[in-house]
Amino acid sequence: SMVLTTAAAGALGGSPFSTQPVVTLRDAGHNTVSADSSTRVTVASSGGKGQLAGSLVATAVSGICTFSGVSYDKAESISLVFTSTGVTEVIQQLTVAVGPAKKLGMSTLSAGAVELNPFNPQPAVAVQDAGGNTVTTDSSTVVTVLLNAGSNSTLSGTVTAQASAGIATFVGLTLSSAGSVTLN
């Protein structure tokens, strides 16, 4: 049989769990099968929309399978399902929380800007954790938008925006001339 002897914990979106799972192989008398250094145990996720990553297969060492670097990208509740050939699966329920701010991602894209008129809609940028979840507790990050080098246009308006609940929304951005541009 298999027993989850150390449950995964400290799950933050896109970051390795702070406590990695450990599965112990046991015989009919519930003793660790210490002679087993070949059984492979696989972990998979169930019930979520995200992706499990890291070393998802652990090989027994003296009957103990220790996983490493396992992470899940989306902040949601999932099941970790541990399987091995010929052994009943073990399931752990786990809630993955939003992690610390690691990157920026577009929340609202601007399209159809008309020369000298404000973009409609104005762009908005999300402060995200490593898994791409919006860090809704962030209201301090300041984001600056720049016009891609080589453009024949000038960007006007409020080019900095402070995040509120993890979203930095720009106000009054306009372009001085028509053409295709890239905002950074």
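Just above, that's the structure.
Just so you know, the residues in each chain are numbered from 1, in the order the chain's sequence is written. Reporting of local features is limited, given that this is a predicted model, to residues whose pLDDT is at least 70; pairs of side-chain atoms are given and counted only at 80 or more, and all residues count toward the totals for whole chains, interfaces and linings. In computing side-chain properties, one takes all heavy atoms of the structure into account and sets aside hydrogens as well as water.

**Student:** Just give me the short version of the environment of S38, but keep the residues and values in it.
**Tutor:** Tracing the sequence through the fold places S38 in the loop between β2 (22-25) and β3 (40-46). With a relative accessible area of 56%, S38 lands in the exposed category. Along the chain, S38 and A60 lie 22 residues apart, while their C-alpha atoms are 5.6 Å from each other. Numbered from the N terminus, helices here are DSSP runs of H or I no shorter than four residues, and strands are runs of E no shorter than two. Note on classification: 1.4 Å probe, protein chains only; a residue is buried when its accessible area is under 20% of the maximum for its type, exposed when over 50%, partly exposed between these limits.

**Student:** So what about the pairing of β2? Which residues, and what values?
**Tutor:** Of the two faces of β2, the one lined by V22 and T24 and the one lined by V23 and L25 are each fully buried. For strand β1 (residues 2-6) and β2, the ladder comprises four bridges, and the chain directions are antiparallel. When the sheet's bridge partners are listed, T6 is paired in β2 with V22. Two elements, β2 and strand β6 (residues 64-66), share three bridges in a ladder whose sense is antiparallel. Two strands pair under a simple rule: DSSP has to find at least two bridges between them.

**Student:** Provide a residue-level description of unusual backbone geometry, including the pertinent values.
**Tutor:** A cis amide bond, omega 5 degrees, links N120 with the succeeding residue P121. With respect to the secondary-structure elements, P121 resides in the loop between β10 (103-108) and β11 (124-128). A positive phi angle, close to 70 degrees, is found at H30, a residue other than glycine. Secondary-structure assignment places H30 in the loop between β2 and β3. Even without being a glycine, A165 presents a positive backbone phi close to 55 degrees.

**Student:** Which residues make up the nonpolar core, and what are the values?
**Tutor:** Buried Ala, Val, Leu, Ile, Met, Phe, Trp, Tyr and Cys residues that are joined via side-chain atoms within 4.5 Å together make up what is termed a nonpolar core. Residues F17, F67, L80, F82 and L94 are the most contacted members of the largest nonpolar core, which totals 21 residues. Counting residues per element, the ones that place at least two in this core are β2, β3, β7 (68-72), β8 (77-84) and β9 (87-95). Per-element tally for this core: the top contributor is β8, with three residues. In this structure, F119, V125, A168 and F170 belong to the second largest nonpolar core, which totals ten residues.

**Student:** So what about the sheet that holds β2? Which residues, and what values?
**Tutor:** Ordered by their spatial adjacency, three strands build an open sheet running β1-β2-β6, and the pairing between neighbours is antiparallel. Taken across any chain shown, the strands that pair with only one partner, and hence form the sheet edges, are β1 and β6. Geometrically, the sheet is characterised by an average inter-axis angle of 30 degrees between neighbouring strands, direction not taken into account. Working convention: axes come from line fits to C-alpha atoms, limited for helices to the stretch in contact. Angles between N-to-C directions cover 0 to 180 degrees.

**Student:** I'd love a proper account of the sheet that holds β3, names of residues and values included.
**Tutor:** Judged by pairing direction, the sheet is antiparallel, and its four strands sit side by side in the order β5-β3-β8-β9 without closing on themselves. Across the chains shown, the open sheet's two edge strands, defined by having one partner strand only, are β5 (57-59) and β9. In this sheet, adjacent strand axes meet at a mean angle of 20 degrees when their direction is disregarded. Across seven bridges, β8 lies against β9 in antiparallel orientation. Paired with I78 across the strands is L94, a residue of β9.

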